[in-house]
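Chain by chain, the residues run as shown.
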There are 2 protein chains.
Amino acid sequence: MEEMTPAKPRGAGGRKAASWTQDPEGVRRNILAVARAEFVENGLSGARVDEIAAKTSTSKRMIYYYFGDKEGLYRAVLEEMYARIRNFERSLDLAVLPPREAIATLAGFTFDYHADNPDFVRLVMVENIHHARHLENSAKIGELNLSVIDMIREIYERGRREGAFREGLDPIDIHLTISALSFYNVSNRASIRQVFGHDMGAPGARERRRASTIDTVLRMLAS
Amino acid sequence: MEEMTPAKPRGAGGRKAASWTQDPEGVRRNILAVARAEFVENGLSGARVDEIAAKTSTSKRMIYYYFGDKEGLYRAVLEEMYARIRNFERSLDLAVLPPREAIATLAGFTFDYHADNPDFVRLVMVENIHHARHLENSAKIGELNLSVIDMIREIYERGRREGAFREGLDPIDIHLTISALSFYNVSNRASIRQVFGHDMGAPGARERRRASTIDTVLRMLAS
DNA sequence: TGTTAATTGTACGAACTGGTTCAATTGGTC
DNA sequence: GACCAATTGAACCAGTTCGTACAATTAACA
């Protein structure tokens, strides 16, 4: 009972006296959130474990306790990020819409998701710099992400049969176009601003680019 | 006579006897080439000065002699890279072509430039991760890169007057579309392969994507 | 009541890393 | 011949950075 610091609980070796709740999931989430911000901001090699630990409500000790090492932590962040976008994709129900509207909606949502989640975009950039070697090592990711392609295929086939879309397109090609047009504005925002003095983040620019993207995708498919 | 190193014709600290050609530009170029490869592969924080030095035909000493510090070296690499693409852009002479052909040619060349120079793409990614802060600090870059936009504007106006292109498009928007479609395949090649099992680098895939890109751009502009 | 997982804090160490110091020699140019 | 820029090579330093050791306490659950 030597320490009476009011709110500060302590454990052994001069730790704070104790009144804490056991909350493994909470601690994990807290670490992951901080780590994501750091990795997104500084990349894998640029991020510092000590810095992450400091911004956590717990300690470096717990990071290693739960995630093993820096790469394990990074992998966990990556997996969580991909789980999110997968959830987003599953939340779309485009089968009920007519083909053109379905594709326009998909393109619009995809554009918005990227614009609203620059963290996701930046983490994908970081991972690509590392040749996606951590995606490779993560069994969790993989089979999950073919859903978008299936979705596009279904819409495209429907539209083609109805004569709304032209023949001979590849669902993957359609997806790549939508992704590229959604990704680039966010991933290259800084260099675009620097080189062209054009800020894609500004509300007006973003809206115009959104409309242009949807329009371009529709024109790509139009018969 | 404090130096008593026996008879060896040496420089300070035990250097090799000397017969070398003075070639500042050569040394600079050598360092830059090695540094580019390292920064492209590992990013700014991931690259190691000692590693760069080791792969050079000269020593760490000369890196600091010519470039001051790591960031200075990185900036030099960046500037050289942008100088190259600017040269490429200036080499295009599209004013002689009819509008549709001119745009198709520009899109094709842009696509090829990105596909053939993944180093450029990756360095731009790295720079964007760093919020293009080094582009900002580099006076050399900036006013140079508006040439593409002017080029596109000229072609677009011509096509619009002739009735080949529709009204109301923004040259920057056209450029962003071409860039996005050219950049994404290269920048995200690793994650695309990992997630979709689709290798954009394969000759067939690349050619199909190239055709699709040109087609998409033409459709975007078509009246 | 006993057992295990969760948690607390710090200090430390070995390896790494950016950058400097030292001292001398040679190449080219005027 | 004088002078300066170019060049050589390795040791070294201070600060950083990942990861661990240590030692104890508490929460939760059976």
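Residues numbered from 1 in each chain as written. Chains lettered and ligands numbered in written order. Predicted model: local features only at pLDDT ≥ 70, side-chain atom pairs only at ≥ 80, totals over all residues. Heavy atoms only, no water.

Novice: Is there a simple way to explain the overall build of chain A in this structure?
Specialist: Counting its secondary structure elements, chain A contains 11 helices and zero strands. Shown N-terminal to C-terminal, the secondary structure of chain A runs as helices and strands in the order α-α-α-α-α-α-α-α-α-α-α. Among the 223 residues that make up chain A, the fraction classed as buried is 48%. Sequence-distant contacts in chain A: of pairs separated by 6 or more residues, those separated by 24 or more amount to 66%. (Helix = DSSP H or I, 4+ residues; strand = E, 2+ residues; numbered from the N terminus. Buried < 20%, exposed > 50% of the residue type's maximum accessible area, 1.4 Å probe, protein only. Contact = heavy atoms within 4.5 Å.)

Novice: What am I meant to see in the domain arrangement of chain A here?
Specialist: Many structure descriptions define interface size as the accessible area lost when the parts assemble. Residue and element names in this part refer to chain A. What the domain assignment reports for chain A is domain 1 (13-68) and domain 2 (73-221). For domain 1 and domain 2, the distance between their C-alpha centroids amounts to 31 Å. Of the roughly 1200 Å² buried where domain 1 meets domain 2, counting both sides, 71% is carbon and sulfur surface. Contact with domain 2 buries area across many residues of domain 1, yet Arg-36, Val-40 and Leu-44 alone supply 51% of it, more than any other trio. Joining domain 1 to domain 2, the criterion identifies two salt bridges. On the surface where domain 1 and domain 2 come into contact, there are three residue pairs in polar contact (both at pLDDT 80 or more). For the side of domain 1 that touches domain 2, the leading source of residues is helix α1 (residues 24-46), giving 10 residues. Within the side of domain 1 that touches domain 2, the residues separate by chemical class into nine nonpolar, two polar and two charged. (Domains from an automatic or database assignment. Buried area = accessible area lost by both parts, 1.4 Å probe. Salt bridge = Lys/Arg side-chain N within 4 Å of Asp/Glu carboxyl O. Polar contact = N/O pair within 3.5 Å; in protein donor to acceptor, adjacent residues only side chain to side chain. Nonpolar A, V, L, I, M, F, W, Y, C, P; charged D, E, K, R; others polar.)

Novice: Looking at this structure, how should I read the relation of the copies chain B and chain A?
Specialist: In summary, the two copies of the chain are related to each other by a rotation about an axis coupled with a shift along it. Rotating chain B by 180° and translating it 0.0 Å along the rotation axis places it on chain A, where the RMSD comes to 0.0 Å. One copy is carried onto the other by what is essentially a two-fold rotation axis. (Least-squares fit on C-alpha atoms with pLDDT ≥ 70 in both.)

Novice: Looking at this structure, I do not really get unusual backbone geometry. What am I missing?
Specialist: Residues apart from glycine generally show negative phi values, whereas peptide bonds are mostly found in trans. Residues and elements named next belong to chain B. Even without being glycine, His-131 reaches a positive phi, approximately 60°. One can find His-131 in the loop between α6 (118-129) and α7 (133-137). With a phi angle near 55°, Ala-132 is a residue other than glycine that sits in the positive phi range. Tracing the chain through its elements places Ala-132 in the loop between α6 and α7. With a relative accessible area of 0%, Ala-132 lands in the buried category.

Novice: It is not clear to me how the packing of aromatic side chains should be interpreted in this structure. Could you clarify?
Specialist: Here the distance between the centres and the angle between the planes together describe a pair of aromatic rings. Residue and element names in this part refer to chain A. Summed over all chains, the structure comprises 16 aromatic pairs over all chains. With a centroid separation of 6.3 Å and an interplanar angle of 10°, the aromatic rings of Tyr-156 and Phe-165 are classed as stacked. For the residue pair Tyr-156 and Phe-165, the accessibility class agrees, reading buried in each case. Ring pairs connect the aromatic residues Tyr-82, Phe-88, Tyr-113 and Phe-120, which therefore count as one cluster. (Phe/Tyr/Trp six-rings, centres within 6.5 Å; stacked < 30°, edge-to-face > 60°.)

Novice: Before we go on, may I ask you to explain the interface of chain B and chain A in this structure?
Specialist: Taken together, the contacts link 49 residues of chain B with 49 residues of chain A. Across the interface of chain B and chain A, roughly 4500 Å² is buried in total on both sides, 61% from carbon and sulfur atoms. It is Ile-129, Phe-196 and Arg-219 of chain B in chain B that bury the most area against chain A; as a group they hold 15% of the surface buried on that side. Between chain B and chain A we count four salt bridges in total. For Asp-215 of chain B, the salt bridge is made with Arg-166 of chain A, and the minimal N-O distance between the two is 3.1 Å. For the pair chain B and chain A, the number of links is 21 residue pairs in polar contact (both at pLDDT 80 or more).

Novice: What is the right way to read the environment of Ala-95 of chain B from this model?
Specialist: You can see Ala-95 of chain B is positioned in the loop between α4 (70-91) and α5 (99-116). As a C-alpha pair, Ala-95 of chain B and Ile-155 of chain B span 60 residues in sequence and 7.1 Å in three-dimensional space.

Novice: Sorry, what's going on with the environment of Asp-116 of chain A here?
Specialist: Residues and elements named next belong to chain A. Summarising the element assignment, Asp-116 is placed in helix α5 (residues 99-116). Sequence separation between Asp-116 and Val-186 is 70 residues, and the spatial gap between their C-alpha atoms is 9.3 Å. There is a polar contact of 3.1 Å between the side chain of Asp-116 and the side chain of Arg-206.

Novice: Before we go on, may I ask you to explain the packing of α5 of chain A against helix α6 (residues 118-129) of chain A in this structure?
Specialist: Helix-helix packing is described using two parameters, namely the angle between the two axes and the distance between the axes. All names here are of chain A. At a closest axis distance of 5 Å, the pairing of α5 and α6 adopts a crossing angle of 85°. Overall, the two elements α5 and α6 adopt an arrangement that is roughly perpendicular. Contact residues: α5 offers Tyr-113, His-114, Ala-115 and Asp-116, while α6 offers Pro-118, Phe-120 and Val-121. (Axes fitted to C-alpha atoms, helices over the stretch in contact; angles between N-to-C directions. Parallel < 35°, antiparallel > 145°, perpendicular 65-115°, else oblique.)

Novice: How do you make sense of the nonpolar core when you look at a structure like this?
Specialist: The tendency in soluble globular proteins is for nonpolar side chains to be buried side by side. Among the nonpolar cores identified, the biggest contains 127 residues, and Phe-39 and Leu-73 of chain A together with Phe-39 and Leu-73 of chain B are the most heavily contacted of them. The residues contacting Phe-39 of chain B, other than those within four sequence positions of it, are Leu-44, Ala-47, Ile-52, Lys-70, Leu-73, Tyr-74, Val-77, Leu-123 and Val-126 of chain B. (Core = buried A, V, L, I, M, F, W, Y, C linked by side-chain atoms within 4.5 Å.)

Novice: For this particular structure, what's the right way to read helix α9 (residues 171-187) of chain A?
Specialist: Given 3.6 residues per helical turn, the α-helix brings residues three or four places apart onto the same face. All names here are of chain A. Here α9 is 17 residues long and its end C-alpha atoms lie 23 Å apart, about the 24 Å a rise of 1.5 Å per residue gives. Of all 17 residues making up α9, 17 are buried, and the element is well covered by its neighbours. For α9, the capping residue at the N-terminal end is Asp-170, with a side-chain oxygen 3.1 Å from the backbone nitrogen of Ile-172. (Expected span 1.5 Å × (residues − 1).)

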